[in-house]
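So the chains spell out like this:
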Amino acid sequence: MRHPDLTTLSPAYFGMVMATGIVSLAANRIGLSLVAWVLFAVALTAYLVLWGLTIARIIRHRVSFFRDMIDHLRGPGFFTMVAASSILGSEFVILAHNANAGFAFWWMAVILWFGLTYTIFTALTIKEDKPSLAQGISGAWLLAVVATQSIAVLSSLLAAEVEQPYRLDLNFLALSMWLWGGMLYIWMMSLIFYRYTFFKFSPSDLSPPYWINMGAMAISTLAGSLLIINSEGAPFLHSIVPFMKGFTVFYWATGTWWIPMLVILGIWRHGYKRFPLTYDPLYWGAVFPLGMYAVSTFEMARALDFDFLDSLPLAFAWIALAAWTLTFGAYLVTLFRAGKAI
(Lines give C-alpha, C1' and ligand atoms only; values in the text may rest on other atoms or scores of the structure.)
Protein backbone atom coordinates (compact mmCIF):
# COMPACT_ATOMS: atom_id res chain seq x y z
CA MET A 1 0.00 0.00 0.00
CA ARG A 2 1.14 3.53 -0.79
CA HIS A 3 1.50 5.68 2.30
CA PRO A 4 -1.21 8.33 1.95
CA ASP A 5 -1.22 11.74 3.56
CA LEU A 6 -1.60 10.91 7.24
CA THR A 7 -3.42 14.18 7.90
CA THR A 8 -6.34 13.16 5.68
CA LEU A 9 -6.12 9.37 6.01
CA SER A 10 -9.69 8.10 5.89
CA PRO A 11 -10.69 6.01 8.90
CA ALA A 12 -12.84 3.98 6.48
CA TYR A 13 -9.73 2.63 4.72
CA PHE A 14 -10.10 -0.56 6.79
CA GLY A 15 -12.96 -1.29 4.41
CA MET A 16 -10.28 -2.73 2.12
CA VAL A 17 -9.57 -5.37 4.77
CA MET A 18 -13.29 -6.06 5.23
CA ALA A 19 -13.84 -6.49 1.49
CA THR A 20 -10.76 -8.63 0.92
CA GLY A 21 -11.47 -10.82 3.94
CA ILE A 22 -15.08 -11.59 3.09
CA VAL A 23 -14.28 -12.21 -0.60
CA SER A 24 -11.63 -14.62 0.64
CA LEU A 25 -14.29 -16.54 2.57
CA ALA A 26 -16.60 -16.45 -0.46
CA ALA A 27 -13.81 -17.92 -2.61
CA ASN A 28 -13.28 -20.64 -0.04
CA ARG A 29 -16.98 -21.53 -0.16
CA ILE A 30 -16.83 -22.16 -3.92
CA GLY A 31 -13.71 -24.31 -3.69
CA LEU A 32 -11.05 -21.75 -4.63
CA SER A 33 -8.88 -22.45 -1.61
CA LEU A 34 -5.67 -21.03 -3.10
CA VAL A 35 -7.43 -17.79 -4.00
CA ALA A 36 -8.91 -17.69 -0.52
CA TRP A 37 -5.49 -17.99 1.11
CA VAL A 38 -3.94 -15.35 -1.16
CA LEU A 39 -6.74 -12.92 -0.33
CA PHE A 40 -6.37 -13.79 3.36
CA ALA A 41 -2.68 -12.83 3.15
CA VAL A 42 -3.55 -9.57 1.36
CA ALA A 43 -6.17 -8.72 3.99
CA LEU A 44 -3.82 -9.44 6.89
CA THR A 45 -1.01 -7.41 5.31
CA ALA A 46 -3.34 -4.47 4.64
CA TYR A 47 -4.64 -4.67 8.22
CA LEU A 48 -1.13 -4.44 9.70
CA VAL A 49 -0.08 -1.62 7.37
CA LEU A 50 -3.23 0.37 8.11
CA TRP A 51 -2.75 -0.01 11.84
CA GLY A 52 0.82 1.24 11.41
CA LEU A 53 -0.46 4.28 9.51
CA THR A 54 -3.24 4.86 12.04
CA ILE A 55 -0.84 4.77 14.99
CA ALA A 56 1.49 7.15 13.15
CA ARG A 57 -1.45 9.48 12.51
CA ILE A 58 -2.44 9.43 16.18
CA ILE A 59 1.12 10.35 17.15
CA ARG A 60 1.69 13.04 14.51
CA HIS A 61 -1.80 14.39 13.83
CA ARG A 62 -3.74 13.71 17.00
CA VAL A 63 -6.08 16.68 16.58
CA SER A 64 -7.25 15.74 13.08
CA PHE A 65 -7.63 12.09 14.11
CA PHE A 66 -10.00 12.85 16.98
CA ARG A 67 -11.76 15.56 14.97
CA ASP A 68 -12.63 12.88 12.41
CA MET A 69 -13.97 10.64 15.16
CA ILE A 70 -16.65 13.14 16.11
CA ASP A 71 -17.47 14.20 12.55
CA HIS A 72 -20.92 13.13 11.30
CA LEU A 73 -19.61 11.98 7.92
CA ARG A 74 -16.15 10.61 8.72
CA GLY A 75 -16.77 9.32 12.24
CA PRO A 76 -18.77 6.20 11.27
CA GLY A 77 -15.83 5.11 9.12
CA PHE A 78 -13.96 4.15 12.30
CA PHE A 79 -16.30 1.18 12.67
CA THR A 80 -14.46 -0.48 9.77
CA MET A 81 -11.69 -1.17 12.30
CA VAL A 82 -14.09 -3.34 14.28
CA ALA A 83 -15.46 -5.21 11.28
CA ALA A 84 -11.99 -5.72 9.78
CA SER A 85 -10.76 -7.24 13.06
CA SER A 86 -13.77 -9.57 13.31
CA ILE A 87 -13.55 -10.70 9.70
CA LEU A 88 -9.86 -11.50 10.03
CA GLY A 89 -10.66 -13.41 13.21
CA SER A 90 -13.33 -15.34 11.29
CA GLU A 91 -10.78 -16.17 8.61
CA PHE A 92 -8.38 -17.55 11.20
CA VAL A 93 -11.16 -19.78 12.55
CA ILE A 94 -12.50 -20.96 9.18
CA LEU A 95 -9.40 -21.11 6.97
CA ALA A 96 -6.54 -21.62 9.42
CA HIS A 97 -8.55 -23.52 12.08
CA ASN A 98 -6.79 -21.34 14.64
CA ALA A 99 -9.21 -20.47 17.44
CA ASN A 100 -6.50 -18.81 19.53
CA ALA A 101 -5.83 -16.23 16.82
CA GLY A 102 -9.57 -15.91 16.38
CA PHE A 103 -9.93 -15.02 20.06
CA ALA A 104 -7.12 -12.45 19.79
CA PHE A 105 -8.97 -10.66 17.01
CA TRP A 106 -12.25 -11.10 18.93
CA TRP A 107 -10.81 -9.22 21.90
CA MET A 108 -9.52 -6.49 19.59
CA ALA A 109 -12.95 -6.16 17.95
CA VAL A 110 -14.87 -6.09 21.25
CA ILE A 111 -12.58 -3.45 22.80
CA LEU A 112 -12.74 -1.30 19.67
CA TRP A 113 -16.51 -1.70 19.41
CA PHE A 114 -17.09 -0.62 23.00
CA GLY A 115 -14.71 2.33 22.83
CA LEU A 116 -15.83 3.61 19.43
CA THR A 117 -19.56 3.08 19.97
CA TYR A 118 -19.77 5.10 23.15
CA THR A 119 -17.21 7.70 22.10
CA ILE A 120 -18.67 8.44 18.67
CA PHE A 121 -22.37 8.38 19.54
CA THR A 122 -21.86 10.32 22.77
CA ALA A 123 -19.86 12.97 20.91
CA LEU A 124 -22.42 13.22 18.09
CA THR A 125 -25.17 13.61 20.68
CA ILE A 126 -23.64 16.35 22.80
CA LYS A 127 -21.75 18.40 20.19
CA GLU A 128 -23.30 21.83 19.72
CA ASP A 129 -22.55 22.45 16.05
CA LYS A 130 -24.38 19.78 14.01
CA PRO A 131 -25.10 19.46 10.28
CA SER A 132 -28.57 19.06 8.83
CA LEU A 133 -29.88 15.55 8.20
CA ALA A 134 -29.27 15.91 4.46
CA GLN A 135 -25.62 16.84 5.03
CA GLY A 136 -24.85 14.67 8.03
CA ILE A 137 -26.08 11.18 7.26
CA SER A 138 -25.03 8.62 4.66
CA GLY A 139 -24.91 4.88 4.16
CA ALA A 140 -21.61 4.88 6.07
CA TRP A 141 -23.59 5.17 9.31
CA LEU A 142 -24.65 1.56 8.80
CA LEU A 143 -21.03 0.54 9.38
CA ALA A 144 -21.99 0.67 13.07
CA VAL A 145 -24.47 -2.13 12.32
CA VAL A 146 -21.86 -4.09 10.36
CA ALA A 147 -19.38 -3.76 13.23
CA THR A 148 -21.95 -5.00 15.74
CA GLN A 149 -23.00 -7.96 13.60
CA SER A 150 -19.38 -8.84 12.83
CA ILE A 151 -18.85 -9.50 16.54
CA ALA A 152 -22.00 -11.65 16.56
CA VAL A 153 -20.56 -13.66 13.65
CA LEU A 154 -17.12 -14.19 15.20
CA SER A 155 -18.64 -15.00 18.60
CA SER A 156 -20.84 -17.67 16.98
CA LEU A 157 -17.87 -19.19 15.16
CA LEU A 158 -15.78 -19.27 18.34
CA ALA A 159 -18.67 -20.72 20.36
CA ALA A 160 -18.49 -23.82 18.19
CA GLU A 161 -14.79 -24.18 19.07
CA VAL A 162 -15.01 -24.12 22.89
CA GLU A 163 -16.60 -26.20 25.62
CA GLN A 164 -19.31 -25.25 28.09
CA PRO A 165 -19.92 -22.91 29.88
CA TYR A 166 -17.98 -20.61 27.53
CA ARG A 167 -20.02 -21.86 24.59
CA LEU A 168 -23.19 -20.57 26.27
CA ASP A 169 -21.54 -17.24 27.07
CA LEU A 170 -20.36 -16.66 23.51
CA ASN A 171 -23.69 -17.68 22.02
CA PHE A 172 -25.52 -15.32 24.37
CA LEU A 173 -23.20 -12.48 23.40
CA ALA A 174 -23.72 -13.33 19.73
CA LEU A 175 -27.50 -13.31 20.20
CA SER A 176 -27.42 -9.99 22.05
CA MET A 177 -25.26 -8.33 19.41
CA TRP A 178 -27.43 -9.77 16.62
CA LEU A 179 -30.57 -8.32 18.20
CA TRP A 180 -28.95 -4.95 18.91
CA GLY A 181 -27.56 -4.75 15.37
CA GLY A 182 -31.04 -5.35 13.96
CA MET A 183 -32.54 -2.61 16.12
CA LEU A 184 -29.74 -0.21 15.16
CA TYR A 185 -30.40 -0.90 11.46
CA ILE A 186 -34.08 -0.02 11.87
CA TRP A 187 -33.19 3.27 13.55
CA MET A 188 -30.56 4.30 11.03
CA MET A 189 -32.25 3.01 7.89
CA SER A 190 -35.35 5.01 8.73
CA LEU A 191 -33.27 8.21 8.68
CA ILE A 192 -31.36 7.21 5.55
CA PHE A 193 -34.52 6.29 3.64
CA TYR A 194 -36.10 9.56 4.73
CA ARG A 195 -33.03 11.42 3.45
CA TYR A 196 -33.28 9.45 0.17
CA THR A 197 -36.87 10.36 -0.55
CA PHE A 198 -37.47 13.82 0.92
CA PHE A 199 -34.23 15.71 0.22
CA LYS A 200 -32.51 16.67 -3.01
CA PHE A 201 -30.29 13.83 -4.17
CA SER A 202 -27.33 14.50 -6.48
CA PRO A 203 -24.94 11.95 -8.06
CA SER A 204 -22.17 12.96 -5.65
CA ASP A 205 -24.44 12.05 -2.74
CA LEU A 206 -24.63 8.42 -3.91
CA SER A 207 -21.23 7.39 -2.58
CA PRO A 208 -20.22 3.69 -2.65
CA PRO A 209 -20.89 3.17 1.10
CA TYR A 210 -24.61 3.27 0.26
CA TRP A 211 -24.09 -0.39 -0.68
CA ILE A 212 -23.79 -0.95 3.07
CA ASN A 213 -27.61 -0.64 3.02
CA MET A 214 -27.50 -4.17 1.66
CA GLY A 215 -24.28 -5.29 3.35
CA ALA A 216 -25.63 -4.59 6.84
CA MET A 217 -28.57 -6.89 6.15
CA ALA A 218 -26.33 -9.53 4.60
CA ILE A 219 -24.07 -9.76 7.67
CA SER A 220 -27.18 -9.81 9.88
CA THR A 221 -28.36 -12.80 7.84
CA LEU A 222 -24.99 -14.50 8.37
CA ALA A 223 -25.09 -13.94 12.13
CA GLY A 224 -28.64 -15.27 12.36
CA SER A 225 -27.76 -18.36 10.29
CA LEU A 226 -24.81 -19.19 12.53
CA LEU A 227 -26.98 -18.80 15.64
CA ILE A 228 -29.51 -21.24 14.18
CA ILE A 229 -26.72 -23.73 13.48
CA ASN A 230 -25.42 -23.28 17.05
CA SER A 231 -28.86 -23.74 18.63
CA GLU A 232 -28.31 -27.41 19.49
CA GLY A 233 -25.51 -26.42 21.86
CA ALA A 234 -27.43 -23.65 23.62
CA PRO A 235 -30.88 -24.37 25.10
CA PHE A 236 -31.92 -20.72 25.17
CA LEU A 237 -31.23 -20.53 21.43
CA HIS A 238 -33.09 -23.75 20.74
CA SER A 239 -36.21 -22.30 22.37
CA ILE A 240 -36.28 -19.31 19.99
CA VAL A 241 -35.27 -21.04 16.75
CA PRO A 242 -38.55 -20.11 14.96
CA PHE A 243 -37.97 -16.45 15.88
CA MET A 244 -34.37 -16.57 14.63
CA LYS A 245 -35.40 -18.28 11.40
CA GLY A 246 -38.07 -15.69 10.73
CA PHE A 247 -35.79 -12.73 11.33
CA THR A 248 -32.93 -14.28 9.38
CA VAL A 249 -35.14 -14.62 6.31
CA PHE A 250 -36.46 -11.10 6.99
CA TYR A 251 -32.91 -9.71 6.97
CA TRP A 252 -32.00 -11.67 3.83
CA ALA A 253 -35.13 -10.53 1.99
CA THR A 254 -34.47 -6.90 2.92
CA GLY A 255 -30.86 -7.13 1.72
CA THR A 256 -32.00 -8.78 -1.50
CA TRP A 257 -34.50 -5.99 -2.14
CA TRP A 258 -31.70 -3.44 -2.02
CA ILE A 259 -29.61 -5.05 -4.77
CA PRO A 260 -31.72 -4.03 -7.82
CA MET A 261 -32.35 -0.62 -6.25
CA LEU A 262 -28.64 0.05 -5.78
CA VAL A 263 -27.83 -1.18 -9.29
CA ILE A 264 -30.47 1.15 -10.78
CA LEU A 265 -29.15 4.10 -8.76
CA GLY A 266 -25.61 3.24 -9.88
CA ILE A 267 -26.72 3.29 -13.53
CA TRP A 268 -28.44 6.62 -12.92
CA ARG A 269 -25.28 8.01 -11.29
CA HIS A 270 -22.69 6.89 -13.83
CA GLY A 271 -24.79 6.29 -16.95
CA TYR A 272 -27.42 9.01 -16.96
CA LYS A 273 -25.66 11.69 -14.88
CA ARG A 274 -22.18 10.82 -16.24
CA PHE A 275 -20.56 10.94 -12.81
CA PRO A 276 -16.89 9.91 -13.36
CA LEU A 277 -16.03 6.34 -12.41
CA THR A 278 -12.54 6.59 -10.90
CA TYR A 279 -10.82 4.75 -8.06
CA ASP A 280 -11.85 5.83 -4.59
CA PRO A 281 -11.00 3.96 -1.35
CA LEU A 282 -14.73 4.12 -0.58
CA TYR A 283 -15.38 1.61 -3.38
CA TRP A 284 -14.25 -1.13 -1.01
CA GLY A 285 -17.50 -0.35 0.77
CA ALA A 286 -19.31 -1.61 -2.34
CA VAL A 287 -17.21 -4.77 -2.73
CA PHE A 288 -17.77 -5.92 0.86
CA PRO A 289 -21.60 -6.24 0.59
CA LEU A 290 -21.30 -8.41 -2.54
CA GLY A 291 -18.98 -10.86 -0.82
CA MET A 292 -21.05 -10.80 2.36
CA TYR A 293 -24.24 -11.49 0.44
CA ALA A 294 -22.63 -14.58 -1.12
CA VAL A 295 -21.35 -15.94 2.21
CA SER A 296 -24.54 -15.14 4.12
CA THR A 297 -26.75 -16.79 1.50
CA PHE A 298 -24.55 -19.89 1.59
CA GLU A 299 -24.96 -20.11 5.37
CA MET A 300 -28.69 -19.36 5.36
CA ALA A 301 -29.28 -22.07 2.75
CA ARG A 302 -27.36 -24.49 4.97
CA ALA A 303 -29.09 -23.47 8.21
CA LEU A 304 -32.62 -23.55 6.77
CA ASP A 305 -32.17 -26.29 4.13
CA PHE A 306 -32.95 -23.86 1.32
CA ASP A 307 -31.33 -25.98 -1.39
CA PHE A 308 -33.18 -24.05 -4.09
CA LEU A 309 -30.93 -21.05 -3.37
CA ASP A 310 -27.65 -22.86 -4.05
CA SER A 311 -26.99 -21.17 -7.40
CA LEU A 312 -27.50 -17.63 -6.02
CA PRO A 313 -24.54 -17.48 -3.61
CA LEU A 314 -22.36 -19.20 -6.20
CA ALA A 315 -23.13 -16.45 -8.71
CA PHE A 316 -22.55 -13.68 -6.16
CA ALA A 317 -19.25 -15.21 -5.07
CA TRP A 318 -17.98 -14.83 -8.64
CA ILE A 319 -19.45 -11.33 -8.88
CA ALA A 320 -17.69 -10.39 -5.65
CA LEU A 321 -14.39 -11.80 -6.93
CA ALA A 322 -14.76 -9.80 -10.13
CA ALA A 323 -15.60 -6.61 -8.21
CA TRP A 324 -12.62 -7.13 -5.91
CA THR A 325 -10.29 -7.71 -8.88
CA LEU A 326 -11.49 -4.54 -10.64
CA THR A 327 -11.19 -2.44 -7.48
CA PHE A 328 -7.76 -3.81 -6.60
CA GLY A 329 -6.63 -3.30 -10.19
CA ALA A 330 -7.80 0.32 -10.08
CA TYR A 331 -5.93 0.71 -6.80
CA LEU A 332 -2.70 -0.60 -8.37
CA VAL A 333 -3.12 1.74 -11.37
CA THR A 334 -3.55 4.64 -8.96
CA LEU A 335 -0.35 3.62 -7.16
CA PHE A 336 1.54 3.35 -10.47
CA ARG A 337 0.41 6.78 -11.64
CA ALA A 338 1.26 8.33 -8.28
CA GLY A 339 4.70 6.73 -8.44
CA LYS A 340 5.36 8.15 -11.92
CA ALA A 341 4.23 11.59 -10.78
CA ILE A 342 6.87 11.71 -8.06
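A quick note: this is a predicted structure, and the numbers were derived from the prediction, not measured.

Enquirer: Is there a simple way to explain the packing of aromatic side chains in this structure?
Expert: The geometry of an aromatic ring pair comes down to the distance between the two centres and the angle between the two planes. Summed over the entire model, instances satisfying the criterion amount to 35 aromatic pairs. On the numbers, 4.9 Å between centres and 80° between planes, the contact of W106 with W107 is edge-to-face. Since its relative accessible area comes to 10%, W106 is described here as buried. Considering the side-chain rings of F114 and Y118, the 5.0 Å spacing of their centres and the 50° angle between planes classify their relative orientation as tilted. Of this pair, F114 and Y118 are both found in helix α5 (residues 99–126), four residues apart, which corresponds to roughly one turn of the helix. For F114, a relative accessible area of 54% translates into the label exposed. Y118 gets classed as partly exposed once you look at its relative accessible area, which sits at 48%. Site record: aromatic cluster; members linked through ring pairs are F14, W37, F40, Y47, W51, F92 and F105.

Enquirer: Even after reading the chapter, I still don't get the environment of R274, so can you show me in this structure?
Expert: Tracing the backbone shows R274 in the loop between α11 (241–272) and α12 (284–304). Judged by relative accessible area, which is 68%, R274 ranks as exposed. Sequence separation of R274 and P203 is 71 residues, and the distance between their C-alpha atoms is 8.7 Å. At 3.3 Å, the side chain of R274 and the backbone oxygen of G271 are in polar contact.

Enquirer: Where do I start with empty space enclosed by the protein in this structure?
Expert: The gaps left among the atoms become clear once a water-sized probe is rolled over them. All told, the structure shown has two cavities of 30 Å³ or more when counted by the stated rule. Counted as a void, the largest cavity has a volume near 60 Å³. Around the largest cavity, the lining residues are L9, S10, P11, Y13, F14, L50, T54, R57, F65, F78 and M81. Considering each element in turn, the lining of the largest cavity owes the most residues, three residues, to helix α2 (residues 33–60). Residues of the lining of the largest cavity, tallied by class, amount to eight nonpolar, two polar and one charged.

Enquirer: Which parts of the structure should I look at to understand the layout of surface pockets?
Expert: The space that makes up the largest pocket amounts to roughly 700 Å³. What lines the largest pocket is a set of 24 residues, and nearest its centre among them are W211, H270, L277, Y283 and A286. Contributions of two or more residues to the lining of the largest pocket are made by α11, α12 and α13 (311–341). No other element matches α11, which puts seven residues into the lining of the largest pocket. Considered class by class, the residues forming the lining of the largest pocket number 18 nonpolar, five polar and one charged.

Thresholds applied
Residues numbered from 1 in each chain as written. Predicted model: local features only at pLDDT ≥ 70, side-chain atom pairs only at ≥ 80, totals over all residues. Heavy atoms only, no water. Phe/Tyr/Trp six-rings, centres within 6.5 Å; stacked < 30°, edge-to-face > 60°. Buried < 20%, exposed > 50% of the residue type's maximum accessible area, 1.4 Å probe, protein only. Helix = DSSP H or I, 4+ residues; strand = E, 2+ residues; numbered from the N terminus. Polar contact = N/O pair within 3.5 Å; in protein donor to acceptor, adjacent residues only side chain to side chain. 1 Å grid on protein atoms, 1.4 Å probe; cavity = no way out; pocket = protein on both sides within 12 Å on 5 of 7 lines; lining within 4 Å. Points joined across faces, edges and corners; volume = space filled by probe spheres on them. Nonpolar A, V, L, I, M, F, W, Y, C, P; charged D, E, K, R; others polar.

Function cannot be inferred from these measures alone, as they are strictly geometric.
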